Amino acid sequence: MREARTIVREGIVAGAIGAASVAGWFLVVDTIAGRPFFTPTVLGSALFFGLRDPAMATVGSQPVLAYTVVHVLAFVAVGIVVAAILAEAERAPNVLWLLAEFFVVFEFGFYAVVALAFTPLLAALAWINVAVGNLIAAGGMGYYFWKKHPGIGWTPDEDDHSAP
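Keep in mind that what you see is a predicted model, and the values were worked out from it rather than measured.

K.L.:
How would you sum up the packing of aromatic side chains? Please name residues and give values.
P.N.:
With the rule as written, the count across this model stands at four aromatic pairs. Taking 5.8 Å as the distance between ring centres and 45° as the angle between the ring planes, the aromatic pair formed by Tyr143 and Trp146 counts as tilted. Taken as a pair, Tyr143 and Trp146 lie in helix 6 (residues 127–148) at a separation of three residues, close to a single helical turn. Among the residues examined, Tyr143 registers a relative accessible area of 48% and is labelled partly exposed. Residue classification places Trp146 among the exposed positions, given a relative accessible area of 52%.

See below:
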């Protein structure tokens, strides 16, 4: 029971880090472009209000707040999955490959869904900005998990003389 609470707690913290990282990145990108909160407005309007043309988006609190809830919940879910994989990796390090596989599948799935369902939106948001935001989030979440699980990872074998 204690381990399940730890996994959920770590997942929530990591998810909050990831969500805040992406939100902060897009706030900077949108502000530089002269349209603060454009990205969450477009995504929230598309998800909840049927927006298909990003040029028709009007920045407002309702789509921003609605999308923010989905955004945070999605990152928390990802954080909990990663925390569960890392908890298992502490017992069986060979499952770390699942982490890389999960990241690749998640990223591919995200871009596939956006490309299929919201093609004009992806063009308006510039896919490179989405990729950079996701990398920033992955870096922040990865650093948090690395600090929480310092024993996981490469440790030199006793026969390996290349390590100091």
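K.L.:
Run through the pattern of salt bridges, naming residues and quoting values.
P.N.:
Enumeration according to the criterion identifies two salt bridges in this entry. Ionic pairing is found between Arg91 and Glu3, a salt bridge with its closest N-O pair at 3.1 Å. With Arg91 in helix 3 (residues 61–91) and Glu3 in helix 1 (residues 2–32), the pair connects residues that are 88 residues apart, well separated along the chain. Here Glu88 ties to Arg91 by a salt bridge, and the two come within 3.0 Å at their closest N and O atoms. Of the two residues, Glu88 and Arg91 are both situated in helix 3; the distance of three residues between them amounts to about one turn of the helix. The partly exposed category is assigned to Glu88, whose relative accessible area is 33%. Judged by relative accessible area, Arg91 falls into the exposed class, the value being 52%. One salt-bridge network, held together by shared partners, links Glu3, Glu88 and Arg91.

About the thresholds
- Positions within a chain are numbered from 1, following the residues in the order the chain's sequence is written.
- Given that this is a predicted model, residues contribute local features only at a pLDDT of at least 70 and side-chain atom pairs are listed and counted only at 80 or more, while totals for whole chains, interfaces and linings are drawn from all residues.
- Only hydrogens and water are set aside; all other atoms, that is, all heavy atoms of the structure, feed into the side-chain values.
- For Phe, Tyr and Trp, rings pair up if their centres lie within 6.5 Å, where Trp contributes its six-membered ring, and each pair is then called stacked (planes under 30 degrees apart), edge-to-face (over 60) or tilted (otherwise).
- Comment: elements are numbered from the N terminus, with helices defined as DSSP H or I runs of at least four residues and strands as E runs of at least two.
- Relative accessibility decides the category of a residue: with a 1.4 Å probe and only protein chains considered, values under 20% of the type maximum give buried, values over 50% give exposed, and everything between is partly exposed.
- Here, a salt bridge means any Lys or Arg side-chain nitrogen found within 4 Å of an Asp or Glu carboxyl oxygen.

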